[in-house]
Amino acid sequence: MAYILIGIISGIVSGSGMGGGTILILCLSMFMGMDQHKAQATNLVFFVPTSISAILVNLKQKIIRWDVAIPVCITGMIGACIGAFISSKTAVGELKKIFGIFLLLVALFEIYKLIKEYIIDKKRHNNIINEKEEEK
Amino acid sequence: MWKKIAIGIVAGFINGFFASGGGMILVPSFIYLLSLNQKEARATSIFCILPMVIVSSFFYYKNNYIDWKLGIMCAIGGIVGGIIGAKLLKNVSDKILRIAFTIFLLYVSIKMII
């Protein structure tokens, strides 16, 4: 039951485009005490059915850019082989630490984006006020 | 073309190594480096991650890391969550969700590293 709940949370996060997979892996390894490798493998199983419905919708709406998708798919599979091979040879404790560093970078990038958006919003807001004052 | 090849290899490597995170690399790369719009970037990234996931699964499967039962239970939750998310995100500002997510990530990542 706990697993279904974790799935639900990850599904909600996925919709906002912030990496539902990372949340799933985190919950499995932190709260359920799963091995990092096993938690990551679970995310692979999780991804296939949850993504296929999204892909079908996108195919129907014709918003997939094939000129980008095809080269990225091909080179991506090569990269994935290398990554997965190295990962499977990495010790559990180390993998968990590297994953932590990766998450920290993701969080910092997200903070950077939020600040940037805040500044843009503020500028726009100030411009509107200035324009109104000029009209007066 | 070189940009696309490089993006694919980097995202593939990350997605293979962590079994996640491909989208976090692909979506911003597509937007900032290849100037796709947000919608196209998201749609194209999900499509690109699927073959990466299938290829990496082979390595995880060979090392006996895959627990099918748990994976399927999580996936059932994931489908339900996806539907809830799609409805919820229309109402709740996704900025609040993003800030909450970021704080959670910061806390957890530091805990994992230490």
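Asks: For the overall build of chain A, give the residues involved together with the corresponding values.
Replies: From N to C terminus, chain A includes 5 helices and 0 strands. Across chain A, helices and strands are ordered from the amino to the carboxyl terminus as α-α-α-α-α. For a compact globule of 136 residues, the expected C-alpha radius of gyration is about 14 Å, and chain A comes in at 20 Å, more than 25% above that figure. Dimensions of chain A, computed from the C-alpha atoms along their principal axes, are close to 70 × 35 × 35 Å. By sequence separation, contacts in chain A at least 24 residues apart represent 36% of the contacts at least 6 residues apart.

Asks: Summarise the interface of chain A and chain B; cite the residues concerned and give the values.
Replies: Listed per partner, the contact involves 76 residues of chain A and 78 residues of chain B. Contributions of two or more residues to the side of chain A that touches chain B are made by helix 1 (2–15), helix 2 (20–30), helix 3 (36–61), helix 4 (66–89) and helix 5 (92–135) of chain A. Sorting elements by how many residues they give to the side of chain A that touches chain B places helix 4 of chain A first, with 20 residues. Of the residues contributing to the side of chain A that touches chain B, the split by class is 47 nonpolar, 24 polar and 5 charged.

Asks: Please give an account of the environment of Ser56(B) that cites residues and values.
Replies: If you trace the backbone, Ser56(B) turns up in helix 3 (residues 38–62). When neighbours within four sequence positions are excluded, Ser56(B) is seen to be in contact with Leu44(A), Ala80(A), Gly83(A), Ala84(A), Asn15(B), Gly16(B) and Ala19(B).

Asks: Hey, could you go over the environment of Ala86(B) for me, with residue numbers and the actual values?
Replies: Residue and element names in this part refer to chain B. Secondary-structure assignment places Ala86 in helix 4 (residues 68–91). On the neighbour-count criterion, Ala86 (15 C-beta atoms within 10 Å) is partly exposed. Separated by 19 residues in sequence, Ala86 and Asp67 have C-alpha atoms that sit 28 Å apart.

Asks: Any chance you could break down the confidence of the model for chain B for me, citing the residues and the numbers?
Replies: Residue and element names in this part refer to chain B. Of all residues in chain B, 95% have pLDDT values of 70 or greater, and the mean over the chain is 88. Summarising per-element confidence for chain B, the mean pLDDT is lowest in helix 4 (83) and highest in helix 1 (residues 2–18) (93). Across the whole predicted complex the pTM is 0.84, and at the interface the ipTM reaches 0.83.

Asks: Tell me about the nonpolar core, and name the residues and values.
Replies: Counting 61 residues, the largest nonpolar core has Leu24(A), Leu44(A), Leu103(A), Leu26(B), Cys48(B), Tyr60(B) and Cys74(B) as its most contacted members. In terms of residue count, the dominant contributor to this core is helix 3 of chain B (11 residues). Apart from the residues within four sequence positions on either side, Leu26(B) is in contact with Ile7(B), Ala11(B), Ser45(B) and Cys48(B).

Asks: Can you explain the domain arrangement of chain B? Please cite residues and give values.
Replies: You can read the domains of chain B as domain 1 (1–66) and domain 2 (68–114). The C-alpha-based centres of domain 1 of chain B and domain 2 of chain B are spaced at 19 Å.

Asks: Please give an account of the confidence of the model for chain A that cites residues and values.
Replies: Confidence in the prediction for chain A averages 88 pLDDT; 96% of positions are at 70 or higher. For chain A, the element scoring lowest by mean pLDDT is helix 1 of chain A, at 84; helix 4 of chain A scores highest, at 94.

Asks: Requested: an account of the domain arrangement of chain A, with residues and values cited.
Replies: Residue and element names in this part refer to chain A. Taken domain by domain, chain A holds domain 1 (1–63) and domain 2 (92–136). One C-alpha centre belongs to domain 1, the other to domain 2; they are set 25 Å apart. Between domain 1 and domain 2, the residue contacts involve 5 residues of the former and 5 residues of the latter. Here the residues of the side of domain 1 that touches domain 2 sort into no nonpolar, 4 polar and 1 charged.

The rules behind each value
- Residues numbered from 1 in each chain as written.
- Chains lettered and ligands numbered in written order.
- Predicted model: local features only at pLDDT ≥ 70, side-chain atom pairs only at ≥ 80, totals over all residues.
- Helix = DSSP H or I, 4+ residues; strand = E, 2+ residues; numbered from the N terminus.
- Rg over C-alpha atoms; globule rule 2.2 N^0.38 Å.
- Contact = placed C-beta atoms within 7 Å.
- Nonpolar A, V, L, I, M, F, W, Y, C, P; charged D, E, K, R; others polar.
- Buried ≥ 20, exposed ≤ 12 C-beta atoms within 10 Å, placed from the backbone.
- pLDDT = per-residue confidence, 0-100.
- Core = buried A, V, L, I, M, F, W, Y, C linked by C-beta atoms within 7 Å.
- Domains from an automatic or database assignment.

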